[in-house]
Structure formats: C-alpha cells, structure tokens
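# Architecture and fold: a report
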Amino acid sequence: MSSQVLSKTTVAPNSNGSTSLTERKSDNDTTAMHATSEVSPPQVLLKTAVALVSNGDGNCYECNILFDEGAQRTFICQRFANTLDYISLGVEELHITGFGDKKLVRHVEKIRIDVHTQDHHSINMETVIVPEIAAPIEMCMKDVCKLPYIRNLKLAHRIPVNDKFEVQLLIGADYYWSFVEDNVIRGNGPIAVKSKLGYLLSGPTNRKSTYQGASTAALRILSHRENVEYDLERFWKLETLGISTEENDESMDAKIKHYQENNIYFRDNKYYTILPWKNEYPELPTNENIAKMRTANVVKCLAREPKMLEIYGDIIRDQESRGFVEKVPTEEISTKKQIHYIPHHPVKKDSITTPIRIVYDCSCRQDGSSPSLNDCLSSDPPILNELTGILTRFRAKKYGISTDIEKAFLQINLDENDKDVTRFFWLENPRNPNSALIAYRFRFVLFGATCSPFILSATLMKHVSDNPSETADTIQRDIYVDNILTSVNTEDDARKFFHESRKLLSDAGFNLRSWASNSTVLQETAKTEAVIDQDLETKILGMRWDPEQDILTFAKKVSNTESRFISKREILRQSLSIFDPLGLLGPVTIRAKLLMQQLWKQKLSWDEILPKHIHSEWIDMSRDIQSALAETKLPRHFFNESTQNHPSTLHVFVDASEIAYGACVYIYNGENATLIIAKNRVAPLKNITLPRLELMAAVIGARLANNVQQSICLDLIQ
C-alpha cells in the first residue's frame, strides 16, 4: 500500500514582507524546514491537547496531541508507541511532501489505538509510526487562560504552562472531524474550538515569541531514531565482556567511598541514606499541579476496570502497611522547605497474581524550564560485578545457589530531610474513584529515581565490608544488583551459606528469598523457612536454570520475522535480543554479525526495506538462531560427580579467517572437557592479512584465559 501525505507549515514574513527559507540536515540525519524573520512575531497557538491513549489492553497513558487538518494521515512517534506495547497491523510505503517539493519515502508500521474522550468514551483510529513528529512547540497558555471568554472553558490542554510541547501524536484530517465539533468561540486572542477532548485553542496571542534572536518555526520530518548509537554501544559492551582491558576508575572508587562515609548511616538496625544531590542543583519545583492531574487521569482510566483500580489501590495499601510509604501528616502538608510530588502510572506485567506494577516518574518536569527530581540527583552508575565472572563461578562447583533480596530498594530508609521530595497523590478512599486525592511520601528509597541502583549497591557493599567473613566475601563477589549467584562444593557448605548469608543481610534489614539450588539439603531448609523459589526454572542473569536437572538454557526471544518487514534496524534489534554474555551461541550469532557488516558495506539506511534475497537469508538465519536458543542445553557444572576432583587444565583455542576470528576456553580434567567462554569478531572492513587476524585472535584468547583464571579458584596446570 502506498499513500502520499501533504504537510503544511506556516512561516512568518520578514520585516520587508519577504520570507526566507532554509533547509538543513542535522547530525542525526533529520530533514528540517526552517523559516526565519528579523522581527519577533506574536506567538501562535496550535490545536494541542493532553489525553489518555491506549492500545485496547486497558492500560492508558497520557499523550501530547497536535491536531492538524492539513495532514492527510495520523502519526504517532515511535517512543510513545513502544510505551503502548503495540501490535503491528503491517507496513505501508509512505510518501511525505513538504516545502520545496522535497519528497521523503519511508516504510512505516501501522497500529490501532484508542483515544479516550472526556465523556468516558474512546475513538479507535489507525495511525502510522514515525521516529519523530515535530520539533517541540513553544507554548504560552498562562496569560491566554486569563482571557474572559476562555477563563471558564474546559480546555483540552488543561495545564497553563510556559513550555515546549513535545508532540507524541498528530491527528490528521482522517480523524480530525471525529474529535472537533461545531462550537467556535472568538475573542481578542486565539480562537477556541470545541472538541471531544475539551476546547482547542488556535491562533495568534498578544504575546511575543520567547525564542532568542530571530523567530524560527521548525518541523522535523521523520527523523531517524536517536537510539541507534545507544543500541550499538550496549551491544558492544556485551560483546566485550571478558576481554575488555578497562582499568579500575580510582576517582569513582573514591566517590563511592566518600558517599558511603558521608551519606549512609546505620541506626536502629537499619540503613539510612541521604540522597546524592548534585552540587548547586537547580531549585526543585513542587510539581503539585501536574502530579495531581496525571494521578486523576490514571484514576479515570483505571476506573473503567474496577478490578484494576482495586489492585492498584491494594499495592499502595500494602506498601503503607509495610511501612514503605506513609500519609503526609496534615500539619506537614505545606510546612516543609523542599516539597516535590512524583506522578505514577500502571505498567502491565506478565503475571497472574499481580497484573500491573506501579511506576513512579521521577523524570517528570513541571514545565520546560524546570528540573525533574532526576535532574537534581547524581546519576553515578552502581557497583556491578562482571557478568562473565559471576556466571563462570556459578558453574565452577557442584552445587549451584541462586537467591535475591526481597524489595531491595525499599529496605533502605530515606533521611528525614529527603522524604518530602518523594511525595505522591492517591485516593483517600481507594474503592471510590471520586474521592479526594491525598498526599503520601516514601520512607525508603524508591525504584525510579536515577540514583537508586547506586544507593543500593553502595549500601550493600558497605554492609558486607563492615562485617567481614567468608560469606561476606562471597556475597561481595557474586552479587549483581539484588541477585546472588554462586556455587559450593558440599551440601554442608550450601547449608552454611544459606544460614550465614540470611543472618548477615537480615542484620541490615534485607531478606533473602526465592532460593533455588540443586542441593536437596538447601531446598528442604528453604522450604522450612518459606523462602524457596516456587518456579520450576529460575532466571539466571538472562538465562534459565533447571535446578532438578542442573541444566542451563536460553530464553527464546527472537521474534517471528516472516510477517514483518525487515530493515537494518530490525536485524540489529533482533540480534540485540539474544543475551549470550558467555558467547556460547557464537557459531550461529556470528552469522548475524556478518550480515550486519554486509548491510553496512551496501550503505543501506536504517529503515530501508531490504532486498528479497537478504530478507530470505535473514529468515533462514533467524530460524537457526531460534532453534539454537530453544535446543541448547548446557550443563551448569563443569564436571560430573566422578571426575570433578581430578586435576584440571585450561585449554585456549584461537583461530581466524578472512571474514572472522575468535577464541574459546575449555576446562579439561582428564575425562571431561567443558566450554567455559567464547568470543568472536567480524574481520574489519579494511583488508588485514591472515597472520595479523590470527594475532588478534590470540589476543582475545589470552584475555579470556586471564578472565577465567581470575574468576575461578581451580588449580590449573599451565
């Protein structure tokens, strides 16, 4: 299917009546049309609205909407579409024409969404996904809302802000009249047009534009997505696990130690933390109005399914009963010096017992010029052990052990002076959606703040360092965020680790739960104390472990490619979904890397539909990868019971060809050989001799061997 979309842009004339137009390519290959003038014209409002949008599954999200009857189609930006967890309706070829008869051709996905109106109904519409719709629109509604003919109207864009409005959904002429009604109100300012979302304001105001210098109206048309570089960086970091040579950052170590000594303290058998505020951080607004409005919208959406509203309220009530949150005392509502409210919303979970979880938006800004809570807090990375080392040690000994800390973030108390920046609103009577909103606040570190992972890791590391023991050393070495993954040689060692680790962490208020092990002694002990993992398979840092069979498998995450269009971006996305830090699937995943290099050589754009022969090649390849993911079963333990005590040797194999090179490490004990870790690389585009490629493979092999020797304590014969 092919369609042409015309988009209009209004430009302001220069002082001499002429208009200057420029077109440029930005750094991320964005096509932008700019109009500039020498004088500042009055600011012009466009028809904008804020409404709830869903994809039909009951989860509603607040959306910034721009109405444009000059567009023939309705567009939704990729980032917001991802939030909706959409289902694709297929692909069409889209032709977009702008100034200068510039025609852009894109292959875009179609989805269906519901826009919820003020009368508690919804309008179902088809929209196409584009990476980005428009540059932020300058808004100035504070003065406008004071005009006599507008003052008492129920506006579709309800918050009077001086802000840059990020457009997430553009409703074109195909659905424009499904929303817009006949009533029009005119006055000395913008025109108010009635719609099913409230009155839309459109037209010039009496206020000059606040842009610096000459005014600029910009429309960014279907810019390339900005997360490609991030995806590639994330992919590269995963690929270099075990062979990177990054040195320890001493300045970061000093910063962590300083935070532990000055911001974390222990009192009444509990840890308390002072939030890591940035130096000279900007003044934090209360966010009261926007938090109230967004909470009211969440309540309105959940009220359509009373059961979901009940579950949402039960979660908050459970947090209150366990002391994680508390109602703000009436006498303290407005007496604190620094107060900040955080909006929250539901996110669907794949769980029968708890179908939703509550997400707190610490990145919410009151307006474009005000900071969010996350903007004011330091965003230092948490202290994380290397994944390959943890997984290697988990496989090194006879009995594997897995456990995690229950609600880890909610076990660290907030300092009294920081609690009021974590306020939020909820219903006074959770069973009545029409009841008043009252203020709550967190008493503990909340998940959602940018600094929370750092606080958790710093606190845990401080506790185990202050209470040295063999078990403390194991936890410090084998913890990843709130998961502990290790192995021991005997059943007695397993029982000892269970009791000592639970005692050590319970002294700090942490509860170790969801214990899984192939040790029957540990299983029975965990059952007795009601902390056994009930699942047949345990999630192990991106893999799955069956303790009964002591087998590791891979999660099956490569999507079906036969019903989707295939682009370079899609191949990268699906390749990134394969989590294999140990490189055990290298023989099949190297093919995806080689295909990506081939696409790079052909200089294909990220969203260009690939030729049929490449599409077919990827389908065959993805089937093989899917089979490998489904069929690969890896013994967790290196050796079987009869040979585990034999002397062990470490064997490293390296090889190279004109297209790829790599290395793998085995442990051999006279009878059994087990693959521990492997890494491969695609040969560079620049021609390199085969001997040099073999030397590059040898470097990888040496680094892998060093990584394994540092990770496990086996008497290896050199």
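Computed from a predicted structure; not experimentally measured.

## A word on the packing of aromatic side chains
- This model, assessed by the stated rule, comprises 19 aromatic pairs.
- Aromatic side chains Phe 67 and Tyr 176 sit 6.1 Å apart centroid to centroid with 75° between the ring planes, which places their arrangement in the edge-to-face category. Of this pair, Phe 67 sits in strand β6 (residues 61-67) while Tyr 176 is found in helix α2 (residues 173-179), placing the two residues 109 residues apart along the sequence. No difference in accessibility class separates Phe 67 from Tyr 176, as the two residues are buried.
- Where Phe 324 meets Phe 444, the ring centres are 5.7 Å apart and the plane angle is 90°; that geometry is what we call edge-to-face. Pair noted here: Phe 324 is in the loop between α6 (306-321) and β20 (325-327) and Phe 444 is in the loop between β26 (437-442) and α9 (452-466), with a separation of 120 residues, a long-range link.

## Thoughts on the pattern of salt bridges
- Scanning the entire structure with this criterion turns up 32 salt bridges.
- For the salt bridge of Arg 441 with Glu 332, the shortest nitrogen-to-oxygen distance reads 2.9 Å. Highlighted residues: Arg 441 in strand β26 and Glu 332 in the loop between β20 and β21 (344-348), separated in sequence by 109 residues.
- Judged by its relative accessible area of 3%, Arg 441 falls in the buried class.
- Of the residues examined, Glu 332 reaches a relative accessible area of 19% and is grouped as buried.
- One salt bridge connects Lys 462 with Asp 466, and the closest N-O pair in it is separated by 3.5 Å. A residue pair is termed a helical-turn pair when its members lie 3 or 4 positions apart in one helix, as Lys 462 and Asp 466 do in helix α9 at four residues.
- For Asp 466, a relative accessible area of 45% corresponds to the partly exposed category.
- It is possible to trace a salt-bridge network through shared partners that takes in Glu 326, Glu 332, Glu 416, Lys 419, Asp 420, Arg 423, Arg 441 and Arg 443.

## So, the environment of Lys 196
- Along the polypeptide, Lys 196 turns up in the loop between β15 (191-195) and β16 (200-208).
- Among the residues examined, Lys 196 registers a relative accessible area of 34% and is labelled partly exposed.
- In this structure, the C-alpha to C-alpha distance between Lys 196 and Asp 119, residues 77 residues apart in sequence, is 7.5 Å.
- When neighbours within four sequence positions are excluded, Lys 196 is seen to be in contact with Thr 117, Gln 118, Ile 123, Ser 178, Phe 179 and Glu 181.
- Polar side-chain contacts of Lys 196 include one of 3.3 Å to the backbone oxygen of Ser 178.

## Some thoughts on the sheet that holds strand β30 (residues 538-540)
- Taken together, the four strands give an open sheet; going across it, the order is β30-β31-β32-β33, and neighbouring strands pair in antiparallel fashion. Looking at strand neighbours, the two that pair on one side only are β30 and β33 (633-635), the edges of this open sheet. The mean angle between the axes of side-by-side strands here comes to 35°, regardless of whether they run parallel or antiparallel.
- Inspection of the sheet shows β30 paired to strand β31 (residues 543-546) by three bridges, in the antiparallel sense. Looking across to β31, one finds that Lys 539 is bridged to Arg 544.

## Focus on the sheet that holds strand β24 (residues 413-414)
- The three strands are arranged β18-β19-β24 in an open sheet whose pairing can be described as mixed. Strands with a single pairing partner mark the edges of an open sheet, and in this sheet they are β18 (264-267) and β24.
- As paired elements, strand β19 (residues 270-273) and β24 share two bridges and run parallel to each other. In the sheet register, Tyr 272 faces β24, and the bridge partner there is Asn 413.

## Some words on the pairing of strand β35 (residues 660-668)
- Across the nine residues of β35, seven count as buried, placing the element largely inside the fold.
- With antiparallel pairing between neighbouring strands as the criterion, strand β34 (residues 648-656) and β35 make up a hairpin whose turn holds three residues.
- Hairpin geometry of β35 and strand β36 (residues 673-682) is characterised by an intervening segment of four residues between the two adjacent antiparallel strands and by a positive phi of about 100° at Gly 670.

## Overview of helix α14 (residues 586-601)
- With 16 residues, α14 ought to run about 22 Å at 1.5 Å a step, and its terminal C-alpha atoms sit 22 Å apart, in line with that.
- Within the sequence span of α14, burial applies to Gly 586, Val 588, Thr 589, Ile 590, Ala 592, Lys 593, Leu 595, Met 596, Gln 597 and Leu 599.
- Following α14 by one or two positions, Lys 603 adopts a phi angle in the positive range, close to 55°.

## Concerning the packing of α9 against helix α10 (residues 470-478)
- Relative orientation of the contacting elements α9 and α10 amounts to 155°, with a least axis distance of 9 Å. On the basis of the axis angle, α9 is roughly antiparallel to α10. The interaxial crossing formed by α9 with α10 has left-handed handedness. Where α9 approaches α10, its residues Met 461, Val 464 and Ser 465 are matched on the opposing element by Ala 472, Ile 475 and Gln 476.
- Of the residues belonging to the contact of α9 with α10, the class tally is four nonpolar, two polar and no charged.

## Some details on the nonpolar core
- Of all hydrophobic cores here, the largest spans 72 residues; its most connected members are Trp 426 and Trp 515.
- Setting aside chain neighbours within four positions, we find Trp 515 in contact with Ile 401, Ser 402, Thr 403, Phe 497, Phe 498, Ser 501, Arg 502, Leu 522, Ala 526, Val 531, Ile 532 and Asp 533.
- If you look at the next biggest cluster of nonpolar residues, it comprises 54 residues, including Trp 545, Leu 572, Leu 610 and Ile 667.

## As for the packing of helix α13 (residues 568-576) against α14
- Running from N to C, α13 and α14 cross one another at 160°; their axes reach a closest spacing of 11 Å. Classed by the angle they form, the pair α13 and α14 counts as roughly antiparallel. Crossing hand, α13 versus α14: left-handed. Between α13 and α14, the contacting residues are Lys 568, Ile 571, Leu 572 and Ser 575 on the first element and Ala 592, Leu 595, Met 596, Leu 599 and Trp 600 on the second.

## Regarding the environment of Arg 317
- Relative to the elements of secondary structure, Arg 317 occurs in helix α6.
- Classification of Arg 317 by relative accessible area gives partly exposed; the value is 35%.
- Counting along the chain gives 113 residues from Arg 317 to Pro 430, while the straight-line C-alpha distance between them is 8.8 Å.
- Apart from residues lying up to four places away in sequence, Arg 317 is in contact with Pro 430 and Arg 431.

## Examining α10
- Listed in full, the buried residues belonging to α10 are Thr 471, Ala 472, Thr 474, Ile 475 and Asp 478. For α10, the angular spread of buried residues about the axis comes to 160°, placing them on one side.
- In this structure, the buried residues of α10 make contact with α8 (387-396), α9, β27 (479-480), β28 (483-488) and α11 (491-506).

Conventions and cut-offs
Residues numbered from 1 in each chain as written. Predicted model: local features only at pLDDT ≥ 70, side-chain atom pairs only at ≥ 80, totals over all residues. Heavy atoms only, no water. Phe/Tyr/Trp six-rings, centres within 6.5 Å; stacked < 30°, edge-to-face > 60°. Helix = DSSP H or I, 4+ residues; strand = E, 2+ residues; numbered from the N terminus. Buried < 20%, exposed > 50% of the residue type's maximum accessible area, 1.4 Å probe, protein only. Salt bridge = Lys/Arg side-chain N within 4 Å of Asp/Glu carboxyl O. Contact = heavy atoms within 4.5 Å. Polar contact = N/O pair within 3.5 Å; in protein donor to acceptor, adjacent residues only side chain to side chain. Pairing = 2+ DSSP bridges. Axes fitted to C-alpha atoms, helices over the stretch in contact; angles between N-to-C directions. Expected span 1.5 Å × (residues − 1). Parallel < 35°, antiparallel > 145°, perpendicular 65-115°, else oblique. Left-handed = near helix turned anticlockwise from the far one by under 90°. Nonpolar A, V, L, I, M, F, W, Y, C, P; charged D, E, K, R; others polar. Core = buried A, V, L, I, M, F, W, Y, C linked by side-chain atoms within 4.5 Å. Arc of directions from axis to C-beta.

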